[in-house]
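Each chain, letter by letter, is given below.
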Amino acid sequence: MNSSKYIIGFTALLTAFVALVLSLMYTGLKEKHKQNELLFEKRAMLGAIQDRAKLNVSDIKDADIIDFFNKNIEQVVVDTKGNILTPEDVEKHGYKGGKAENVDMKKEMKKAFENRILPVYIYNDKNGEKIYILKLFGKGLWDEISGFLALGPDINTVVGASFDHKGETPGMGAEMKDNPKFPAQFKGKKIYDESGKLVSINVRKGGAVDPEHDVDAISGATLTSNGITDMLKSSLENYNNYLKKLK
Amino acid sequence: MSEIKESKKALFPMTKKERKLLFDPLNDNNPVTVQVLGICSALAVTSMLLPSIVMAIAVTFVIAFSNLAISMMRKYIPKQVRMIVQLVIIAFLVTIVELTLKAYSYPVYKQLSVFIGLIITNCIVMGRLEAFAMANPPWQSFLDGIGNGLGYGIILIIISFFRELFGRGTLMSGTPIEMKIIGSSSDFWIDTTTNSWFGWYTNNNLMVLPAAALFLLGMIIWYQRSKNTKLVDIS
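Owing to the predicted nature of the structure, the values given are computational and were not obtained by experimental measurement.

(A) View of the packing of helix H8 (residues 123-133) of chain B against helix H9 (residues 138-168) of chain B. All names here are of chain B. It is the contact of H8 with H9, at a shortest axis distance of 11 Å, that shows an interaxial angle of 150 degrees. Taken together, the axes of H8 and H9 are roughly antiparallel relative to one another. As H8 runs across H9, the sense of the crossing is right-handed. Along the contact surface, H8 presents Ile124, Arg128, Phe132 and Ala133, while H9 presents Ser141, Asp144, Gly145, Asn148 and Tyr152.

(B) Broad picture of the sheet that holds strand E3 (residues 117-124) of chain A. Residue and element names in this part refer to chain A. Taken together, the six strands give an open sheet; going across it, the order is E2-E1-E3-E4-E5-E6, and neighbouring strands pair in antiparallel fashion. Edge positions in the open sheet fall to strand E2 (84-85) and strand E6 (158-165), since each of these has one partner strand only. Here seven bridges tie strand E1 (residues 73-79) to E3, and the two strands are oriented antiparallel to one another. The partner of Val76 across the bridge, within E3, is Val120. The strands touched by helix H8 (residues 222-246) within the sheet are E1, E3, strand E4 (130-139) and strand E5 (144-151), with E4 carrying the most contacts at an inclination of about 130 degrees.

(C) Examining helix H10 (residues 210-227) of chain B more closely. Residues and elements named next belong to chain B. When the terminal C-alpha atoms of H10 are compared, their 26 Å separation across 18 residues agrees well with the 26 Å that a helix rising 1.5 Å per residue should span. Burial in H10 covers these residues: Ala212, Ala213, Leu216 and Leu217. Down the axis of H10, the smallest arc covering the buried residues is 140 degrees, so these residues share one side. Opposite the packed face of H10, turned more than 90 degrees from it, sit the exposed residues Ala211, Gly218, Trp222 and Ser226. Turning to H10, the residues buried within the fold contact helix H3 (39-44) and H9.

The rules we used
- Residues numbered from 1 in each chain as written.
- Chains lettered and ligands numbered in written order.
- Predicted model: local features only at pLDDT ≥ 70, side-chain atom pairs only at ≥ 80, totals over all residues.
- Axes fitted to C-alpha atoms, helices over the stretch in contact; angles between N-to-C directions.
- Helix = DSSP H or I, 4+ residues; strand = E, 2+ residues; numbered from the N terminus.
- Parallel < 35°, antiparallel > 145°, perpendicular 65-115°, else oblique.
- Left-handed = near helix turned anticlockwise from the far one by under 90°.
- Contact = placed C-beta atoms within 7 Å.
- Pairing = 2+ DSSP bridges.
- Expected span 1.5 Å × (residues − 1).
- Buried ≥ 20, exposed ≤ 12 C-beta atoms within 10 Å, placed from the backbone.
- Arc of directions from axis to C-beta.

What follows is the structure in structure tokens.
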């Protein structure tokens with residue numbers, strides 16, 4: 001039997017050692033973690049325009065991703081009223097750097113609708129056309145789902161989409177990211193109807209009905225599919241005023 | 001006597017006991033199929049080969065080094081708090097694995113997501129610490145850890161091989177050496193839309209679900225016991 005003093009001393013020493021090593025390691029690798037996250041995000045974003053920009057996102061090197069991004073992508077931050085924010089305004093919201101890539105959608109979606117700020121990426125096409133890439137964020141079956149939707153110069157037709165998720169079931173909900181056929185369906189769909197009303201795009205179980213606003217759901221993943229429908233609707237509503245101003 | 005004999009030919013001399021520690025968990029005393037530990041993660045991460053291999057390496061690393069650390073400290077650990085101390089060591093190593101993967105292999109980190117953290121709750125790790133490292137010297141504990149990690153890993157890899165092949169028709173998907181074996185497009189080696197022999201074949205969606213891992217695990221246990229008479233309970 002050990003004395004209480006020894007037990008407390010031993011555990012305190014051990015914990016202090018473990019905490020020290022881990023915190024050193026965490027701070028040492030923090031930059032690299034951040035870089036990886038940003039790079040992953042950029043890769044996902046370019047995935048939405050890969051057909052348009054003739055890229056194959058899964059094959060290109062990290063350095064080329066950054067290079068392409070810096071050369072061709074313009075970053076804008078807007079609010080839900082459709083006003084464009086200056087970098088200083090964005091920093092006031094607590095995002096260091098003040099660029100679109102610094103905005104955390106998870107935090108923004110928790111705020112009231114009027115207070116949200118939203119990242120927009122604009123890709124300047126070789127033909128001088130502008131492609132608007134919007135960030136999507138929502139909830140799937142198990143955890144967060146997110147994605148990017150790229151709109152063509154008419155601010156209505158989708159030119160590409162890419163999705164990501166945190167913990168959907170592999171082979172079912174996770175197909176939204178793993179199966180390239182799913183995001184490919186979004187190409188050519190429209191988010192506004194003829195009267196200019198925002199109708200978004202529905203992920204419909206049993207197959208698309210409306211050729212302009214429906215895509216096929218993922219088989220075996222009804223709840224994830226519904227999550228994607230909701231995510232598209234709520235995220236596009238955020239951008240609605242900005243998109244209307246653009247038109 | 002036997003020690004001298006072995007040290008002549010082997011690069012790493014090992015006594016019979018040490019060899020037993022290293023290789024026993026691969027078959028006779030496999031932590032998954034014989035002791036039936038670590039089933040949860042064996043079902044969860046095995047839908048594809050790559051995450052299974054990473055998981056196997058991570059678990060082997062954690063068991064081996066936590067065994068080593070606990071064994072070195074075993075005389076100083078107060079008995080009243082030994083479980084907590086073990087958990088601190090395991091959590092410490094798991095966090096190291098997580099931070100390293102996040103920094104140097106981000107896609108794999110994304111894919112394994114929560115399961116890396118759950119190595120902490122893998123009963124094989126805790127089981128080896130309690131059953132072995134608390135009572136044995138460091139080197140033997142280290143070997144025992146490697147052996148058990150590999151015993152766990154080999155089952156994971158076998159299960160994920162079949163699940164990925166029959167569930168998706170690919171192997172090593174997500175790596176540069178991705179092999180597309182069978183499926184309904186021209187990218188695959190056997191294209192079921194044009195191949196007259198495999199026209200009936202479709203990928204089995206059940207294989208992607210964790211339940212399939214349980215069936216496969218049952219079959220592995222069945223096969224192992226039919227071959228290894230030592231495991232058959234004759235009482």
